[in-house]
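Architecture and fold: a report
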Amino acid sequence: MKKIRIGTRKSRLACIQAQMLADYIETYCEGYEAELVTVMTTGDRIQTRRLEEIGGKGLFVKELDTFLMEGRTDLSVHSLKDMPMEIPHEIPIIGFSPREDVRDVLVLPRGIKEYDYQGPIGCSSNRRRLQLKDIYPEAKVKTVRGNVLTRLEKLDQGEYGGLILAAAGLKRLGLPERISRYFTVKEMVPAAGQGVLCVQGRAGEDYGFLRGFFDEEVRECVAAERAYMACLNGGCSQPMGVYAEILDETWIRVLGLYYDDKSGRYGKLCVSGKRSEAEEIGISLAQELMRTVKIP
């Protein structure tokens, strides 16, 4: 019996997500057993400052990368939206899970049915902040850090009047009843890779036994989304979003949000194209949005 050690962050949500892969291995991969290895990342330790102030998304993966490269783990499981654009060649992403609900949602304190403007909306990204201006133009927005359960605790204690969270995380935690409002992907364009888990391994090793866990359609969508972000050099501090979806056997549609920090202008645009050209479509969408937003 070969043991597969799966690296994950220590939060409850991260462990639930890693356990999804562990359960697949235990159920479908004869001759293998799985073990979770929890790692405290820099992003988890620093809870008082905004991510863009302390180094961005890479702070959630650095320690896990070290464990994987040093052979202390065999795989890492991440929320794809937390992954930086540049991935070390030694530890490539080897596949993507099926996608959970991609939408962002509003969560209100228990017993409250509608946002009443009595407290600020807790928000963790500039992407969400920017789009909230159109949805709740009079709302005050306040930075919130911590894992999902910590944020919910702050909400219910009265520190916030609402939170913007990802539906995927709440559903995986078994808390869909906390969702007060779903935003459409047009109202709030999601982060690249939102709702998708990615699995990292070591270059040159055979991970064929995981083939059934991975989703080919998601791989195509992710290719478009990450190409879009790479073209824009989009990092954690820039309010950008993108969402790709498969339309049929041939076509894919990609929706993008772009913000120009020099002019303060931003725009949303949607394009469609062939699935076989997913990356090219993501790049062309980014280029077209840049031209559109920067034209006075």
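Residues numbered from 1 in each chain as written. Predicted model: local features only at pLDDT ≥ 70, side-chain atom pairs only at ≥ 80, totals over all residues. Heavy atoms only, no water.

1. What about the overall build of the protein?
A tally of helices and strands in the protein yields 9 helices and 13 strands. Taking 19 Å as the expected radius of gyration for a compact globule of 296 residues, we find that the protein reaches 19 Å, a close match to that expectation. Along the first, second and third principal axes, the C-alpha atoms of the protein reach 60 × 45 × 35 Å. The buried share among the 296 residues of the protein stands at 52%. (Helix = DSSP H or I, 4+ residues; strand = E, 2+ residues; numbered from the N terminus. Rg over C-alpha atoms; globule rule 2.2 N^0.38 Å. Buried < 20%, exposed > 50% of the residue type's maximum accessible area, 1.4 Å probe, protein only.)

2. A short note on the nonpolar core
By size, the foremost hydrophobic cluster in this structure holds 19 residues, and its most contacted members are Tyr228, Ile252, Val254 and Tyr258. Counting only elements with at least two residues in this core, the list comes to helix H8 (216–231), strand S11 (241–246), strand S12 (251–259) and helix H9 (278–294). Membership of the second largest hydrophobic core comes to 17 residues, among which are Ile6, Ala18, Ala34 and Val199. (Core = buried A, V, L, I, M, F, W, Y, C linked by side-chain atoms within 4.5 Å.)

3. A short note on H9
Given a rise of 1.5 Å per residue, 17 residues ought to cover 24 Å, and the 25 Å separating the end C-alpha atoms of H9 matches this to within 8%. Along H9, the residues that are buried comprise Ala278, Ile281, Gly282, Leu285, Ala286, Leu289 and Val293. Angularly, the buried residues of H9 cover 135 degrees about the axis, an arc narrow enough to put them on a single face. Close packing links the buried residues of H9 with H8, S12 and strand S13 (266–274). (Expected span 1.5 Å × (residues − 1). Arc of directions from axis to C-beta. Contact = heavy atoms within 4.5 Å.)

4. Remarks on the side chain of Ser97
Here Ser97 shows up in the loop between strand S4 (93–96) and strand S5 (104–107). Exposure remark for Ser97: the relative accessible area of 1% places this residue in the buried category. Excluding anything up to four places from it in sequence, Ser97 contacts Arg172, Val196, Leu197, Phe213, Asp215 and Val218.

5. Quick word on the packing of aromatic side chains
Tallied over the full model, the rule gives 8 aromatic pairs. Here the aromatic rings of Tyr115 and Tyr117 are separated by 4.7 Å at their centres, their planes lie at 50 degrees, and the arrangement is tilted. Since its relative accessible area comes to 8%, Tyr115 is described here as buried. Residue classification places Tyr117 among the partly exposed residues on the basis of a relative accessible area of 39%. (Phe/Tyr/Trp six-rings, centres within 6.5 Å; stacked < 30°, edge-to-face > 60°.)

6. With respect to helix H5 (residues 126–135)
Of all 10 residues in H5, 8 are buried; the element is thus mostly enclosed. Of all the residues in H5, the buried ones are Asn126, Arg127, Arg128, Arg129, Leu130, Gln131, Leu132 and Ile135.

Read these as layout, nothing more, since geometry by itself doesn't imply function.
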